Amino acid sequence: MQFEEIMDTPAIVIDLDRLDANLRRTAALASHAAVRLRPHTKTHKSIWIAQEQLRHGASGITVAKLGEAEVMADGGIDDILIAYPIVGRLKLERLGRLLQQVKVSVSVDSYEVAKGLSELGEHLKLRVPLYLDVNSGLNRCGKEPGQETAELAAEIAKLPGIRLAALMTHAGQAYAKSRADDCLAVALAEAEALLESQRALRKLGIEVPDISVGSTPTSKFIGALAGSGVTEIRPGAYVFGDGSQLYTGLIGEEECAMRIYATVVSTPRSGTVIIDAGSKTLSNDSSAHRKGFGMITEFPDIFVERLSEEHGILSVPEGVHLQIGDVVAIIPNHCCAVTNLHDQLLGVRNGQLERIIPVDARGKVK
């Protein structure tokens, strides 16, 4: 029986052949550039998909929060980077338990956070590996590259109970670019921000061995950085693909493994169609490159114009006819946000439901 015949909507469907191809493609990019792949699992929050990434050659994984790390460790994954500052007694106690279970690295961008990790390391009689976050243009976490980062690193390096393992950054600003050449420029600048910082540290006699860059758009250009000194990439959204990558031409539709299936439940007036997928299904992430909240590839002129919690309001042009009961498939603007809204994903191959994929780390924001 075809999965559409037994599927209830709204449903988040993953094309397993496309997922497999995406995992192989990015693993090959990393291998050919001789860098490690440490994918960010916040995109899928699934132990099974993380295990598949490792099977395809990933050296470890990245998570956003301590709670995600705990879930992945319980799932048997033993090399985890928590790319987020760990602050407060309760979280440090949890991290301490995790450090006794698996290999864990933690990102920092301040002396204060590093000091707390140092005290934890001393208590556990080990040295916590730290990734020092550097601002490469997103203007989120991290000091400025070069001297400012080097001065902070020099202070952190004096602390016992830690070791500076890597410099890291996330060039999320690449998602705002509309041309491949512009994304390449971001990728080059992302790497240079870390390499400049590494050179400044060497002048102070401090060697930080690893250079870790992150973001799916810039990972596409890792081949251009082969031999530059970059040692690791941390893409996340490549596993599913989404509108943020599709609209800019970074990927083709065949790389979009995620679709949200939704049913038309109302046609209250001409030009307006309502589906059973609102902000609690699609997320309210907008795009700088396309109107609306997702793309219906079968009807590209339709826009998911507005969302309330349980209603998606489609703007339908003349000549396009949708009726109550029709089912549409939507590529979301942002796959990571969609995943966290759902308990499970439906893994489909050749039109058949092959597996239910639990979203194991859903809601693990602490």
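Residues numbered from 1 in each chain as written. Predicted model: local features only at pLDDT ≥ 70, side-chain atom pairs only at ≥ 80, totals over all residues. Heavy atoms only, no water.

**Comments concerning the sheet that holds strand S9 (residues 232-233)**
In sheet architecture, strand pairing relies on hydrogen bonds along the backbone and comes in two forms, parallel and antiparallel. Our working rule: Strands were regarded as paired on the criterion that DSSP finds at least two bridges between them. Strands here are runs of E lasting at least two residues and helices are runs of H or I lasting at least four, both read from the DSSP assignment and numbered beginning at the N terminus.
With parallel pairing, the 8 strands of this open sheet are ordered in space as S2-S9-S8-S7-S6-S5-S4-S3. The sheet terminates laterally at strand S2 (36-37) and strand S3 (61-63), the two strands that pair on one side only. Summarising the sheet, strand S8 (residues 210-214) and S9 pair through 2 bridges and their orientation is parallel. Bridge pairing links Ser-212 to Glu-232 in S9.

**Digging into the nonpolar core**
Worth spelling out the cut-off: Residue types Ala, Val, Leu, Ile, Met, Phe, Trp, Tyr and Cys, when buried and joined through side-chain atoms within 4.5 Å, form a set referred to as a nonpolar core. Note on exposure labels: buried denotes an accessible area under 20% of the residue type's maximum, exposed denotes more than 50%, and partly exposed covers the range between, all computed with a 1.4 Å probe on protein chains only. The contact criterion used is simple: two residues touch if any of their non-hydrogen atoms lie within 4.5 Å.
Leu-19, Ile-80, Ile-82, Leu-95 and Leu-117 are the most contacted members of the largest nonpolar core, which totals 94 residues. Contacts of Ile-80, omitting those with residues within four sequence positions, involve Arg-38, Ile-61, Val-63, Ala-69, Met-72, Ala-73, Val-102, Lys-103, Val-104 and Ser-105. Counting 8 residues, the second-largest nonpolar core is a separate cluster that includes Met-7, Ala-11, Val-13 and Ala-329.

**Comments concerning the packing of helix H7 (residues 147-157) against helix H8 (residues 180-203)**
Quick note on the threshold: Orientation is described by axes fitted as lines to C-alpha atoms, over the contacting stretch for helices, and by angles from 0 to 180 degrees between their N-to-C directions. Working definition: roughly parallel below 35 degrees, roughly antiparallel above 145 degrees, roughly perpendicular at 65 to 115 degrees, and oblique for all remaining angles. Two helices that cross are described as forming a left-handed crossing if the nearer one is turned anticlockwise from the farther one by less than a right angle, and a right-handed crossing if clockwise. Only Asp, Glu, Lys and Arg are considered charged in this grouping, and only Ala, Val, Leu, Ile, Met, Phe, Trp, Tyr, Cys and Pro are considered nonpolar; every other residue, Gly among them, is considered polar.
Axis separation between H7 and H8 bottoms out at 8 Å; the angle between their running directions is 50 degrees. On the basis of the axis angle, H7 is oblique to H8. Note that H7 runs across H8; the crossing there is right-handed. On H8, the residues touching Gln-147, Thr-149, Ala-150, Ala-153 and Ala-154 of H7 are Ser-197, Ala-200 and Leu-201. Classifying every residue of the contact of H7 with H8 by side-chain character gives 5 nonpolar, 3 polar and no charged.

**Regarding the pattern of salt bridges**
Quick note on the threshold: In what follows, salt bridge is the name for a side-chain nitrogen of Lys or Arg lying within 4 Å of a carboxyl oxygen of Asp or Glu.
All told, the structure shown has 22 salt bridges when counted by the stated rule. The partner of Asp-181 in a salt bridge is Arg-179, with the nearest N and O atoms 3.9 Å apart.

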